[in-house]
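The lines below spell out each chain.
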Amino acid sequence: MANILKVTNLNKSFGALHATDNLSLEIEEGTIHGLIGPNGAGKTTAINQLSGELMPDRGTIEFDGQDVTHWPIFKRAQFGLQRSYQITSLFPDFTALDNVAIAIQATDGHSFRFWGKAREDKSLIDPAMDILRQVGLDHLAHRPVTDLAHGQQRQIELAMTLATKPKMLLLDEPMAGMGKTESHDMMEVLRPLKGNITILMVEHDMDVVFALADKISVLVRGHCIVTGTPDEIRTNADVRTAYLGEG
Amino acid sequence: MRVRIVQLITLLILFTLPFIAQWAGQPFWIDLTTRIVIYGIAAMSLDIILGYGGMVSLGHAMFLGIGAYSMGILTHHSFEGSVVPFLPGEWTGSTSGFVHLAASILASGLLGLVIGLLSLRTVGVYFIMITLAFAQMMFYFFIALPTYGGEDGLNVWSRSEIPGLDLSDSMTFYFVCLGLLCAFWFIARRLVDSRFGGVLRGCKQNEQRLKALGYNTIRYKLIAFTIAGAGAGLAGGLLANLTEFVGPGTMHWTKSGELIVMVLLGGMGTLIGPVLGSAALLLLEEILSGFTEHWMIVLGPILLLVVLFARRGIYGFLAGKEAKDG
């Protein structure tokens, strides 16, 4: 399979902090790729540059055959590169259904429609319900998202990214703050995506990463020290050093 | 259900008030109610960007002023028989209500588009300051413009002319204003409930998320800003008719502040709430200023209580939980 994302020599500094240091990464289409590393390794900074929220100082990002390095975030999103956030990011005044519907609307041409009632629009509501069913939350469709449990909110956020029919997802700690059962549910939502949607996932829960990922990259001080299969990473001496803080 | 009842009663009061005024032999009430309706339109237009889009503009009275001046200037030239400057051809203004209406809406909408383009790149406090700065610039521009009266303003020699209607009759004029309020309310309601409105509400709640979903949010905000400007311009044109005078005072920043107070007092993000806010503020002013010129001393604590305890203002208090419409 071809690479859908190719990152070459990405650099980003905040003052004296070199948060991304010559980061290069290649991600194969249809795979789940884990991005791990100790705290402060620059994982979220890397994701923010891939999604377009941060502009890199140097380096290039190629996505699906296009150089997207200087594209703004909304343009990348329209082109099929979607992200979720480490801290749940939803529309708090909306119901679960509205949250997903506005995500569907984002891909349904432009939204300069000023007259028809969006809440009665079947072309938004029906697919939104389908997506909620896919993540198992259709029974909560009409509840305000702020009433939902944390794990359910995380699932709504994933549902929103899925609703845009992305080519690739950047998931920043999808299991953050979840209990065992919740993160198990989340895994069951993510697993069937394999082969359809490419996923780059930052995650602290190693059980999840090693169970789901086809490939794993290890980030230390903004640099990717190794990329390999879960088995290769498990036995890699450098990775152990990085995590245990030796040397 | 309660929402509908509150809306219906509001409309019922607005429709019957002039008759009550006439019956009570208090024609002045009609002028006051007309003022409430006109400021209601302006406050409702501000609610579109403030209550739904989360854009705190401290320069909204600028559009009110531009709408008023559009009407005033056209009437002025028509009476003088002089040519309207900056426009192609030899047009000597007009006294037609339809022309005034179009001019007020177009001029302020166009200004909204330009100012929106320049100021929507900023957010938060910077947006407040830049809208304030533009409004003050416009304020001083009209003060420095002797052609249209400068600081003294411009007398409007007659109200707009609409075939078949006599706008100098206060009752007729009131119902024209009320009709326009209802029309604007209907349009605004459709707007905020549409797909476009969904994106606008999203801008207020979590703009970053909208961008991450693929929305170029600034375009949506710009269109909303333009529509809100046009709405305030409409109100301005009516205001010039009511007072038969236009002056720079209409676009002073304290007027913009009053519009924000109306929206907060009546209920942000409710459309009809700001009309209630307009009624509350103007009635308070009317009643309290009879007792003391420092009537703001009473308004202050009331506003404080509303902001602290009633998130959706008077409307939220009346309509209860249903007032929350996301």
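Look above for the structure.
Residues numbered from 1 in each chain as written. Chains lettered and ligands numbered in written order. Predicted model: local features only at pLDDT ≥ 70, side-chain atom pairs only at ≥ 80, totals over all residues. Heavy atoms only, no water.

Draft legend 1. Structural context of the interface of chain B and chain A. The interface is formed by 29 residues belonging to chain B together with 36 residues belonging to chain A. Across the chain B to chain A interface the summed buried area is about 3,000 Å²; carbon plus sulfur atoms make up 58%. When residues of chain B are sorted by the area they lose upon contact with chain A, B:Arg195, B:Arg209 and B:Leu213 head the list and together hold 29% of the total. Across the contact surface, chain B and chain A share three salt bridges. Where chain B touches chain A, the interface holds 17 residue pairs in polar contact (both at pLDDT 80 or more). Within the residue set of the side of chain B that touches chain A, elements represented by two or more residues are helix H6 (170-193), helix H7 (195-213) and helix H8 (217-243) of chain B. Take the side of chain B that touches chain A: its biggest share by element is 14 residues, from H7(B). Among the residues forming the side of chain B that touches chain A, the class breakdown is eleven nonpolar, nine polar and nine charged. (Contact = heavy atoms within 4.5 Å. Buried area = accessible area lost by both parts, 1.4 Å probe. Salt bridge = Lys/Arg side-chain N within 4 Å of Asp/Glu carboxyl O. Polar contact = N/O pair within 3.5 Å; in protein donor to acceptor, adjacent residues only side chain to side chain. Helix = DSSP H or I, 4+ residues; strand = E, 2+ residues; numbered from the N terminus. Nonpolar A, V, L, I, M, F, W, Y, C, P; charged D, E, K, R; others polar.)

Draft legend 2. Quick peek at helix H2 (residues 27-52) of chain B. Residues and elements named next belong to chain B. Here H2 spans 37 Å end to end across 26 residues, near enough to the 38 Å set by a 1.5 Å rise per residue. Of all 26 residues that make up H2, 21 are buried, and the element is covered over most of its length. Looking one or two residues past H2, Gly-54 carries a phi angle of roughly 70°, positive in sign. (Expected span 1.5 Å × (residues − 1). Buried < 20%, exposed > 50% of the residue type's maximum accessible area, 1.4 Å probe, protein only.)

Draft legend 3. Highlighting the pairing of strand S6 (residues 81-84) of chain A. All names here are of chain A. Here S6 shows two buried faces, one formed by Leu-81 and Arg-83 and the other by Gln-82 and Ser-84. Pairing analysis gives four bridges linking S6 to strand S7 (residues 168-172), with the strands arranged parallel. Across the sheet, Ser-84 pairs through a bridge with Leu-171, a residue of S7. (Pairing = 2+ DSSP bridges.)

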